[in-house]
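Inside the fold
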Amino acid sequence: MLDQNLYRCFQDRRPADPDALFLRGDRRSLAYGDLDTETGRYATALTACGVSPGDRVVVQVGKSVEFVLLYLACLRMGAVFVPLNPAYTRAELAYFLCDASPRVLVCDPAAAAHDLPALAAETGVAHCLTLGTDGGGSLPEAAAALPPATGVVNRGRDDLAAILYTSGTTGRSKGAMITHGNLISNGLVLHEYWGWVPGDVLLHALPVFHVHGLFVALHCALLNGSEVIFLDAFDPARLVAELPGASVLMGVPTFYVRLLDTPGFDSSVSDGLRLFISGSAPLLPETFAQFAALTGQPILERYGMTEAGMITSNPYAGGERIAGTVGFPLPGVSARVADTDGKALPAGEIGILEITGSNVFAGYWNMPEKTAKEFRADGHFITGDMATMAEDGRIAIVGRAKDLIISGGLNVYPKEVEEQLDRMPGVRESCVIGLPHPDLGEAVTAVIVPEAGGRASGESTGVNEAAITAESVAAFLGDRLARFKQPRQVILVDALPRNAMGKVQKKALREDHTGLYG
Ligand code: MLC
Ligand code: AMP
């Protein structure tokens, strides 16, 4: 079997100088020459917990250099890395543990002080280790005392490297199975397409539990042997301070909206960069134009998703970056805009984007029927995004066929929020929509029909004393849903608009309240 371990691919492309810096983190740095030893120790610690190739390791910890070491250790030992947003509540985590059935849960020491070890035991997880953003915790402590593993486990292209959960339209999150082959092919294509050159320095301010920060950003840097300025979180003032030392920035549109609003951000800060990339949500043409006017640089917008990594990109060189478009299918990706039966539509018509390519995932973990529904018989994956393709192949994303809100680059599936809201005392029914928001792109908004008496003010009949307010909704959802999924505002109505079939007309609600956030 030809070895396709992504870790080996990174090893082969390392800088010759072992002192060359890989990560410059907020608390510590890591040189390329120390990667094998440090990931080797983590691998030994995981092996001591019985982790074998193919076993899942669920990781819910903050961003740190150690997080990256753990990820790379999993790759090299053939374990399947399952990162989770630290914002997820205990209730959300319980689902992921039951579904992924990992051998090990790695959580933050503060979470362990609560009752995550108990949750791990309840859900049949053999080991619960801790890893703090300060580099402390039972995992690094165990690793420090152990001899480093020296090998890299052979992997085929179809072997799993990671499972990343994306929320499901039915409310249940789906684990996208991502292979070593997917990651190698997509990483190499992006490295080439975006013109990485020796000496490039990446400014990294994205979270590392999603495709964008974990795969797209880090893999490009690793394949280039580049230094990464690895910030704990996005802070625009910090970016302004670090940008002069970088050559590439990747971000969600909210990064660019906030940068434009940050004192001191101008061309003197951005001139040394060769590339600003945006993705994960639509970049408004206004933002593109304002950024170009201020810095002289056209942001390169690309489009992708958890299930397929990066799919299209505006050109790096040899073509125009056009606002409101996501460019062309990347080399190796074949795309069509199709009708609901999967038949390709003529250029310019709106349909659903369908794709094939070695970047496309291996299906949803434990959900063969859901996997089958999202693929055509001829192998095309149905993205659920509405798009147009011009005569020259350029693609624009014009909407979503799936009921999905993207807030600050994070996905929220309304169904999941509605299911929880409908359980709240005083709520007769609910509908969750995304409304335009100047900072987050879209803001999660709940439209609620209260039970009689559920209104906070006015003509309460007293039948049900529970008042529905933004605060009471936040309090109810507090330990059920991560904060970013919770409604920013709550609108009370007497009835939801429905069509003749009884289906709630979300489009009408969005139109009625489109200016809510200014
Ligand atoms: C944080 N909060 C959010 C939020 N992020 N609310 C809605 N939407 C979001 N995205 C909430 C917090 O819970 C908190 O609530 C308050 O906002 C402030 O928190 P914070 O930690 O200070 O957040 P902030 O720094 O403002 O974060 C915003 C952000 C961040 C945009 C910088 O969300 C972010 O880094 N987003 C990137 C997401 C990403 O990487 N997506 C890629 C997915 S992969 P309170 O009430 O406690 O104050 C993908 C495929 C592809 O889509 O194509 O790339
Ligand atoms: P996720 O499930 O988090 O991977 O999010 C993937 C979704 O983000 C895609 O299906 C799109 O709806 C959206 N997306 C990603 N990049 C872009 C972009 N550049 N423009 C518009 N939508 C995007």
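Residues numbered from 1 in each chain as written. Chains lettered and ligands numbered in written order. Predicted model: local features only at pLDDT ≥ 70, side-chain atom pairs only at ≥ 80, totals over all residues. Heavy atoms only, no water.

**Points about the packing of aromatic side chains**
Counted only if it meets this: A pair of Phe, Tyr and Trp rings is counted when the ring centres sit within 6.5 Å of each other, with Trp represented by its six-membered ring. The angle between the planes then sorts it: under 30 degrees is stacked, over 60 is edge-to-face, the rest tilted. Secondary structure follows DSSP: runs of H or I at least 4 residues long count as helices, runs of E at least 2 residues long count as strands, and numbering of each begins at the N terminus. When accessible area is computed with a 1.4 Å probe and restricted to protein chains, residues below 20% of their type maximum are described as buried, those above 50% as exposed, and intermediate ones as partly exposed.
All chains considered together, the criterion is met by 17 aromatic pairs. Judged by centre distance (5.3 Å) and plane angle (90 degrees), the ring pair of Tyr256 and Phe291 falls under edge-to-face. With Tyr256 in helix 11 (residues 253-260) and Phe291 in helix 13 (residues 285-295), the pair connects residues that are 35 residues apart, well separated along the chain. A residue is classified by how much of its surface remains accessible, and Phe291, at 0% relative accessible area, is buried. The rings of Tyr88, Tyr95, Phe96, Tyr165 and Phe484 are connected pair by pair, giving a single aromatic cluster.

**Quick look at the packing of helix 2 (residues 35-48) against helix 3 (residues 65-77)**
Our working definition: Where helices are involved, their axes are fitted lines through C-alpha atoms of the stretch in contact, as for all axes, and angles between N-to-C directions lie from 0 to 180°. Geometric relationships in this document are graded by angle, where less than 35 degrees denotes roughly parallel, more than 145 denotes roughly antiparallel, 65 to 115 denotes roughly perpendicular, and other angles denote oblique. Contacts are assigned to residue pairs that have any heavy atoms within 4.5 Å of one another. When residue character is reported, Ala, Val, Leu, Ile, Met, Phe, Trp, Tyr, Cys and Pro are called nonpolar, Asp, Glu, Lys and Arg charged, and the others, Gly included, polar.
Two elements in contact, helix 2 and helix 3, have axes whose closest approach is 8 Å; the angle formed by their N-to-C orientations is 70 degrees. Comparing their axes, helix 3 and helix 2 come out roughly perpendicular. Contacts between helix 2 and helix 3 involve Leu35, Asp36, Glu38, Thr39, Gly40, Tyr42, Ala43, Leu46 and Thr47 from the first element and Glu66, Leu69, Leu70, Leu72, Ala73, Cys74, Arg76 and Met77 from the second. A per-class count over the contact of helix 2 with helix 3 returns 10 nonpolar, 3 polar and 4 charged.

**Observations regarding the site of ligand 1**
Operational definition: Nearness is judged by heavy atoms alone; a residue qualifies as near a molecule or strand once a single heavy atom is within 4 Å of it. Whenever two N or O atoms come within 3.5 Å, that pair is a polar contact, provided that in protein one can donate a hydrogen and the other can accept it, and provided that, for residues adjacent in sequence, both atoms are side-chain atoms. Each accessible area is a Shrake-Rupley result for a 1.4 Å probe, and residues are judged covered by the shown protein chains and nothing else.
Taken together, 22 residues lie near ligand 1, and Ser280, Arg302, Ser407, Arg483 and Arg488 sit nearest. At 2.7 Å, a side-chain N or O of Arg302 approaches an oxygen atom of ligand 1. In this structure, Gly409 approaches ligand 1 through a main-chain N or O atom, which is 2.8 Å from a nitrogen atom. Bound to the protein, ligand 1 loses 71% of the 1,000 Å² it would expose on its own. Elements represented by at least two residues in the shell around ligand 1 include exactly helix 11 and strand 13 (300-305). Per-class residue counts for the shell around ligand 1 are 10 nonpolar, 8 polar and 4 charged.

**Digging into the site of ligand 2**
The immediate surroundings of ligand 2 are formed by 15 residues, with Arg302, Thr306, Asp385, Lys402 and Asn411 found nearest. Residue Ser280 places a main-chain N or O atom 3.1 Å away from a nitrogen atom belonging to ligand 2. In the environment of ligand 2, a nitrogen atom lies 2.8 Å from a nitrogen or oxygen atom belonging to the backbone of Arg302. In the complex, the protein chains occlude 92% of the 500 Å² of accessible area that ligand 2 would expose alone. Per-element tally for the shell around ligand 2: the top contributor is strand 13, with 5 residues.

**Some remarks on empty space enclosed by the protein**
Note the cut-off: Buriedness of a pocket was judged along seven lines, with at least five required to meet protein on both sides within 12 Å; pockets are open sets of points on a 1 Å grid over the protein atoms alone, cavities are sets where a 1.4 Å probe fits but cannot get out, and lining residues have an atom within 4 Å of a point. Grid points are joined across faces, edges and corners, and a volume is the space filled by probe spheres set on the points.
Under the definition given, this model contains 3 cavities of 30 Å³ or more. When its volume is computed, the largest cavity comes out at roughly 130 Å³. What lines the largest cavity is a set of 16 residues, among which Asn182, Leu183, Asn186, Phe215 and Gly309 lie closest to the centre. Looking at the lining of the largest cavity, the elements with two or more residues in it are helix 8 (180-193) and helix 9 (211-224).

**A closer look at the domain arrangement of the protein**
The condition that has to hold: The split into domains, and so the bounds of each, comes from an automatic or database assignment of domains. A 1.4 Å probe defines the accessible area here, and the buried area is the portion of it lost by two parts on being joined, summed over both. Every case where a carboxyl oxygen of Asp or Glu lies within 4 Å of a side-chain nitrogen of Lys or Arg is listed as a salt bridge.
For the protein, the assigned domains are domain 1 (27-154) and domain 2 (405-512). Here the C-alpha centre of domain 2 lies 36 Å away from the C-alpha centre of domain 1. Taken residue by residue, the interface counts 6 residues in domain 1 and 9 residues in domain 2. In total, domain 1 and domain 2 occlude about 440 Å² of area from one another, counting both sides; carbon and sulfur atoms represent 53% of this. One can count 1 salt bridge joining domain 1 with domain 2. Among the salt bridges present, the one from Glu92 reaches Lys485, with a minimum N-O distance of 2.5 Å. In this assembly, domain 1 and domain 2 are joined by 3 residue pairs in polar contact (both at pLDDT 80 or more).

**Topic: the pairing of strand 17 (residues 351-357)**
In plain terms, the rule: Strand pairing follows a simple DSSP-based rule, namely that at least 2 bridges must link the two strands.
Counting buried residues along strand 17, 6 of its 7 residues qualify, which places the element largely inside the surrounding structure. Across 4 bridges, strand 17 lies against strand 18 (residues 381-389) in antiparallel orientation. Its bridge partner lying in strand 18, Glu354 is registered against Ile382.

**Notes on the packing of helix 8 against helix 9**
If you want to describe how two helices pack, look at the angle between their axes and the distance between the axes. Remark: helix 8 packs on helix 9, axes separated minimally by 9 Å, with the N-to-C direction vectors making an angle of 70 degrees. The angle between helix 8 and helix 9 falls in the class roughly perpendicular. Where helix 8 abuts helix 9, its residues Leu183, Gly187, Leu188, Leu190 and His191 lie against Phe215, Val216, His219, Cys220, Leu223 and Asn224.

**Regarding the sheet that holds strand 19 (residues 395-400)**
The strand order 16-17-18-19 describes an open sheet built from 4 strands, whose pairing is antiparallel. Two strands bound the open sheet, and with one partner strand each, they are strand 16 (333-338) and strand 19. Each neighbouring strand pair of the sheet contributes to a mean axis angle of 45 degrees, computed without reference to strand direction.

**Regarding helix 4 (residues 90-100)**
The periodicity of an α-helix, 3.6 residues per turn, causes residues three or four positions apart to be oriented the same way. Every buried residue of helix 4 is accounted for by Glu92, Leu93, Phe96, Leu97, Asp99 and Ala100. Looking at the buried positions of helix 4, the neighbouring elements they touch are strand 3 (56-60), strand 5 (104-107), helix 6 (116-122), strand 7 (160-166) and helix 15 (414-421). Positive phi shows up at Ser101, right after helix 4, with a value of about 35 degrees.

**So, unusual backbone geometry**
Residue Ser101 is not a glycine yet carries a positive backbone phi of 35 degrees. Within the element layout of this structure, Ser101 appears in the loop between helix 4 and strand 5. When its relative accessible area of 39% is taken as the criterion, Ser101 is described as partly exposed. Phi at Asn366 takes a positive value of approximately 65 degrees, unusual for a residue other than glycine. The topology assignment puts Asn366 in the loop between strand 17 and helix 14 (368-373).

**Notes on the side chain of Glu242**
With respect to the helices and strands, Glu242 occurs in helix 10 (residues 236-242). Since its relative accessible area comes to 14%, Glu242 is described here as buried. Sequence-distant contacts of Glu242, that is, excluding residues within four places in its chain, are made with Arg24, Leu203, Ile229 and Leu231.

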